[in-house]
Amino acid sequence: MTVAGHAKDDELGGFSEPPPLYNLVYCSRAAPGVDDAVVARILAASRRNNPRQGITGLLVFGSGIFFQWLEGPRDSVTRLMGHLLRDARHDTIVRLSENEEPRDRVFPDWDMELVGGADIRAVLTDALDEAEDEQNIAALRRLLEQLDTRQIGNGAA
Ligand SMILES: Cc1cc2nc3c(=O)[nH]c(=O)nc-3n(C[C@H](O)[C@H](O)[C@H](O)COP(=O)(O)O)c2cc1C
């Protein structure tokens with residue numbers, strides 16, 4: 001079924017769904033010594049690499065915890081996850097959710113945006129306010145629930 005809001009006219013005058021989008025959300029523990037300068041280098045690499053891989057998303061760093069939302073083609077995100085698993089700047093990677101569906105990006109304009117731990121609730125709430133895609137709305141509600149029950153982050157920057 002095509003949900004009103006992201007149906008687009010195709011060349012034949014019918015409607016087409018957005019292409020499949022793979023979404024992976026994980027959190028991890030920053031390695032000792034990871035500070036703002038290290039995170040700045042991670043962001044620089046992300047902004048260099050992600051656009052040509054079609055990856056967008058959000059990186060949260062607060063209280064020694066990373067939380068990252070990755071969305072893009074499955075192959076690109078899977079390849080990046082291979083790098084992430086070998087990256088010594090974090091460990092204890094926990095996959096929180098993973099799916100592939102024809103849907104709109106939640107963060108279409110962000111190559112990789114850094115958000116402080118204290119701001120993550122506002123970012124997710126804004127994204128929820130703007131979301132039209134039912135799956136996105138459900139995923140964002142789940143994340144907010146996990147945040148509120150402290151399954152992710154701890155509310156402090
Ligand atoms: C928490 C965390 C998030 C990262 N996110 C990304 C990312 O979104 N994109 C990216 O290319 N590299 C990311 N990296 C860095 C990769 O692990 C890897 O170092 C980088 O892709 C290598 O790129 P380069 O060969 O251009 O230096 C991240 C690393 C960490 C620790």
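This text goes with the structure placed above it.
### A short note on the site of the ligand
In the region of the ligand, 16 residues are neighbours, and Arg 48, Asn 49, Asn 50, Asp 87 and Arg 89 sit closest. Interatomic distance of 2.8 Å between a side-chain N/O atom of Asn 50 and a nitrogen atom of the ligand. At a separation of 3.1 Å, a nitrogen atom of the ligand approaches a polar side-chain atom of Gln 68. For the ligand, the protein covers 79% of the area, taking 620 Å² as the surface of the free molecule. Because more than half of its atoms lie within 2 Å of the grid, the ligand is assigned to the largest pocket. With six residues, the single largest contributor to the shell around the ligand is helix H1 (residues 36-53). Here the shell around the ligand is composed, by residue class, of seven nonpolar, six polar and three charged.

### Structural notes on the environment of Glu 130
Counting through the fold element by element, Glu 130 comes out in helix H3 (residues 120-130). What makes Glu 130 exposed here is its relative accessible area of 66%. Along the primary structure Glu 130 and Val 106 are separated by 24 residues, whereas in three dimensions their C-alpha atoms are 8.9 Å apart.

Cut-offs applied
- Residues numbered from 1 in each chain as written.
- Predicted model: local features only at pLDDT ≥ 70, side-chain atom pairs only at ≥ 80, totals over all residues.
- Heavy atoms only, no water.
- Near = heavy atom within 4 Å.
- Polar contact = N/O pair within 3.5 Å; in protein donor to acceptor, adjacent residues only side chain to side chain.
- Areas by Shrake-Rupley, 256 points an atom, 1.4 Å probe, with all protein chains shown as cover.
- 1 Å grid on protein atoms, 1.4 Å probe; cavity = no way out; pocket = protein on both sides within 12 Å on 5 of 7 lines; lining within 4 Å.
- Sits in = over half its atoms within 2 Å of the grid points.
- Helix = DSSP H or I, 4+ residues; strand = E, 2+ residues; numbered from the N terminus.
- Nonpolar A, V, L, I, M, F, W, Y, C, P; charged D, E, K, R; others polar.
- Buried < 20%, exposed > 50% of the residue type's maximum accessible area, 1.4 Å probe, protein only.

Honestly, it's all geometry; don't read function into it.
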